[in-house]
Amino acid sequence: MTKSINKVFSQLKKRNKKAFIPYITAGDPDIEKTYEILGILAELGADIIEVGVPFSDPMADGPIIQKAMERALKSGTTLKKTLEIVSTFKKKYDIPIILMGYLNPFHAYGFETFAKDAKNAGVNGVLIVDLPPEEADEYHSILKKHNLTQIILATPTTDLKRASAIKRFAQGFLYFVSVTGVTGIRSTLPIEISNKLKMLKIYLNIPVVLGFGISGPETIKTFYNDADGFVVGSAIVKKWEEACKDIQKKKELVQFINSLSKACHE
């Protein structure tokens, strides 16, 4: 029985810890290297891992992840190969995997077929960046049928009306985007998002995770009491890009991931 997303959060809550959720792009810079970074993340305490599905027009992503997507596509990484990566990883590690991507590749694959293959590969959840909850009915029912958790995004502009639309579908956790705009590394995040995090947590009654713009352990410490977990994407992807070219940078990457993991778990 594989560990579920819900189980991760309930175990962490009992210990008053937060979920460390790193993001990487599948196939960046190639498939063999993807296994390496997944192993590093697993060994350094990732509670859940988000795996980005390469796409040619990642409109919600900033330049760092856009370049990672370009490298992944250049290495020939497809949705099918992404599922193979997950399947191989899951033979060794019992860490929930969330596929994060855009509707187009899932749709092109055939959504019903994708959901079945994703479940068989060991995927636990799916986050479709450009699928608003108002249009999610059909996809939600297919994911639910295959026992896959649908992760929904919220933003600082999410009001109660929008939250009620989210409430119909939100499972596992709510992914709260810290700022309107694209992914990227930001030195600070607006402190007023604390109140929105608390409001959504009470209203939706599921864990709320903070992502977009988390640059290091300091940001995690700032919002530690407001969120149930933290997604770190661009900052890791950038350091991983450097680590693939320089052995010294790989040591820095390991130290950085370790610092994030400790900030979530101390």
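Everything quoted here is computed from the prediction, not taken from an experiment.

So, how was this worked out
- Residues numbered from 1 in each chain as written.
- Predicted model: local features only at pLDDT ≥ 70, side-chain atom pairs only at ≥ 80, totals over all residues.
- Heavy atoms only, no water.
- Helix = DSSP H or I, 4+ residues; strand = E, 2+ residues; numbered from the N terminus.
- Rg over C-alpha atoms; globule rule 2.2 N^0.38 Å.
- Buried < 20%, exposed > 50% of the residue type's maximum accessible area, 1.4 Å probe, protein only.
- Lys, Arg positive; Asp, Glu negative; His and termini not counted.
- Charge placed at Lys NZ, Arg CZ, Asp CG, Glu CD.
- Core = buried A, V, L, I, M, F, W, Y, C linked by side-chain atoms within 4.5 Å.
- Phe/Tyr/Trp six-rings, centres within 6.5 Å; stacked < 30°, edge-to-face > 60°.
- Lys NZ or Arg CZ within 6 Å of the ring centre and 35° of its normal.

Draft legend 1. Focus on the overall build of the protein chain. Check the secondary structure of the protein chain and you find twelve helices and ten strands. In summary, the protein chain has a C-alpha radius of gyration of 17 Å against a globular reference of 18 Å for 266 residues, a match within 12%. Counting only C-alpha atoms, the protein chain reaches 45 × 40 × 35 Å along its principal axes. Each of the 266 residues in the protein chain was classed as buried or not, and the buried ones make up 57%. The averaged location of the 29 negative side-chain charges in the protein chain is 5 Å from the averaged location of its 36 positive side-chain charges.

Draft legend 2. Structural context of unusual backbone geometry. A cis amide bond, omega -5°, links Asp 28 with the succeeding residue Pro 29. Summarising the element assignment, Pro 29 is placed in the loop between strand E1 (19-25) and helix H2 (31-43). Unusually for a residue other than glycine, Asn 16 sits at a positive phi of about 55°. Here Asn 16 lies in the loop between helix H1 (5-14) and E1. The exposed category is assigned to Asn 16, whose relative accessible area is 55%. Positive phi values are uncommon outside glycine, yet Asn 147 reaches one of about 60°. With respect to the helices and strands, Asn 147 occurs in the loop between helix H7 (137-145) and strand E5 (149-154).

Draft legend 3. Highlighting the nonpolar core. If you look at the biggest cluster of nonpolar residues, it comprises 70 residues, and the most contacted ones within it are Ile 49, Leu 99, Phe 114, Leu 174 and Leu 210. Broken down by element, the residue count for this core peaks at six residues, all from helix H12 (residues 247-265). Membership of the second largest hydrophobic core comes to 28 residues, among which are Val 8, Phe 9, Ile 98 and Tyr 175.

Draft legend 4. View of the packing of aromatic side chains. Under the criterion given, the structure shown has eight aromatic pairs. With centroids separated by 5.6 Å and ring planes inclined at 50°, the aromatic side chains of Phe 9 and Phe 173 adopt a geometry described as tilted. In this pair, Phe 9 sits in helix H1 while Phe 173 sits in the loop between helix H8 (160-167) and strand E6 (174-177), placing the two residues 164 residues apart along the sequence. Given a relative accessible area of 0%, Phe 173 falls into the buried group. Through a chain of ring-to-ring contacts, three or more aromatic side chains come together here, namely Phe 106, Tyr 109, Phe 111, Phe 114 and Tyr 139. Cation over ring: Lys 167 sits above Tyr 203, and NZ or CZ is 4.5 Å from the ring centre. Taking NZ or CZ as reference, Lys 239 lies 5.1 Å from the ring centre of Phe 256, over its face.

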